[in-house]
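So the chains spell out like this:
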Amino acid sequence: MTGTAAIEAAALGMRFGRRGGWALRDCTFRLPAGRVCAVVGPNGAGKSTLLALAAGLLAPTEGSIAVLGKVPGAARERVGFVAQDKPLYPQLTVAETLRMGADLNTDRWDAATAERIVAGGDLNPKSRIRTLSGGQCTRVALALALAKRPELLLLDEPMADLDPLARHEMMGLLMAQAAQFGTTIVMSSHVVAELEDSCDHLLLVDGGRVRLAGEIDDLLDAHTLVSAPAQTALDPHTVVEARTTGRQLTALIRPTGPTPGDWRTSTPSLEELVLSYLRNPQAAAPAHTPAKTQEPAA
Ligand SMILES: Nc1ncnc2c1ncn2[C@@H]1O[C@H](COP(=O)(O)OP(=O)(O)OP(=O)(O)O)[C@@H](O)[C@H]1O
């Protein structure tokens, strides 16, 4: 891992059109190189906009974003991007698509990886892209992006239209790529539970703001799930969410010290953490992983 961040954003904002609302606003975060980062958040939160800004396909309305230490456009050769709609040329065959990838990336093209990914889906190299299913197109798009051997791989909901076996296979390939080459992977997804075992870094985007940013283990360790009798006072701890069902209180807190011995406590899952923050827009981010402050350089 180097000292250069994979992505560094400062007061980043994006507005589509002069009169449009802000798709992203005041986003400041630092993603160290070599991480596998989950970008999660509700529909319309700004995840695709953030990834498109990092890919250099959009220019920020305000603030800045640096990718591998450069403006995104200047880092494009070292970045792989698979957009949500997996744009490919419909009239090309699978083989022609891979050949185009090889021609565009002569210095780094990993033909064996591209062919292995395509073969794994039993795709006929002579099939035209327009005849493929959504999941098969995703497989070709991922083959193009991975074979480019990027230093940073930006994936917008890469698993959304893959079947369970293909998801498992692709996740394995992505993790192998990250382990072997130190590739930084940033992937958006709505299936938070699926990300917990694969990702080590989280960006929670909500309403165009980055609400949580940091190492997943640190974020989980900073929170405690509490089960206690209803009416239990939770202060002085910081309460992200508290719900009472009958005589039972369930809460997600950020403890400010030891909790009473008669509380039942556990560490939340990533999904529990994310859902609690999304259900409670007023809950502030933890002090050591605030949306507006840089985490320490690696
Ligand atoms: N090209 C565009 N023109 C105008 N508004 C846009 C455009 N692209 C995105 N937006 C708006 O920006 C906001 C963020 O959209 P974005 O696609 O980044 O969200 P998202 O988190 O990726 O959502 P989803 O999970 O549904 O894919 C939304 O309000 C959306 O309507």
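Keep in mind that what you see is a predicted model, and the values were worked out from it rather than measured.

1. Quick look at the nonpolar core
The biggest cluster of nonpolar side chains holds 52 residues, and the ones touching the most others in it are Val40, Leu155, Leu174, Ile185, Met187, Leu202 and Leu273. Among the elements that take part in this core, helix α4 (residues 134-147) stands out by supplying nine residues, more than any other. Two domains share this core, each providing at least three of its residues, namely domain 1 (5-215) and domain 2 (217-279). In this structure valine 40 touches Lys47, Ser189, Val192, Leu195, Leu202, Leu203, Leu204, Val205 and Val274, once residues within four positions along its chain are discounted. Within the second largest apolar cluster, 29 residues are counted, among which are Met14, Phe29, Leu31 and Leu53.

2. Comments concerning the sheet that holds strand β3 (residues 36-40)
Taken together, the six strands give an open sheet; going across it, the order is β5-β6-β7-β3-β8-β9, and neighbouring strands pair in mixed fashion. Strands at the two margins of the open sheet, each flanked by one partner only, are β5 (79-82) and β9 (209-215). Each strand axis lies, on average, 10° off the axis of its neighbour in the sheet, ignoring direction. Bridge count between strand β8 (residues 201-206) and β9: six bridges; the pairing is antiparallel. Bridged to leucine 203 within β9 is alanine 213.

3. Examining the domain arrangement of the protein chain
Looking at the protein chain, the domain boundaries give domain 1 (5-215) and domain 2 (217-279). When each unit is reduced to the centre of its C-alpha atoms, the spacing between domain 1 and domain 2 is 34 Å. Taken residue by residue, the interface counts twelve residues in domain 1 and eleven residues in domain 2. The largest contributions to the domain 1 side of the interface with domain 2 come from Glu196, Leu212 and Glu215, which together make up 42% of the buried area. There are zero salt bridges connecting domain 1 and domain 2.

4. What to know about helix α2 (residues 94-104)
Among all positions in α2, only Val94, Thr97, Leu98 and Gly101 are buried. Looking straight down α2, one finds that the buried residues subtend no more than 95° of arc, so they occupy a single side. The exposed residues of α2 that point more than 90 degrees off its buried face are Arg99 and Asp103.

Cut-offs applied
- Residues numbered from 1 in each chain as written.
- Predicted model: local features only at pLDDT ≥ 70, side-chain atom pairs only at ≥ 80, totals over all residues.
- Heavy atoms only, no water.
- Core = buried A, V, L, I, M, F, W, Y, C linked by side-chain atoms within 4.5 Å.
- Buried < 20%, exposed > 50% of the residue type's maximum accessible area, 1.4 Å probe, protein only.
- Helix = DSSP H or I, 4+ residues; strand = E, 2+ residues; numbered from the N terminus.
- Domains from an automatic or database assignment.
- Contact = heavy atoms within 4.5 Å.
- Pairing = 2+ DSSP bridges.
- Axes fitted to C-alpha atoms, helices over the stretch in contact; angles between N-to-C directions.
- Buried area = accessible area lost by both parts, 1.4 Å probe.
- Salt bridge = Lys/Arg side-chain N within 4 Å of Asp/Glu carboxyl O.
- Arc of directions from axis to C-beta.

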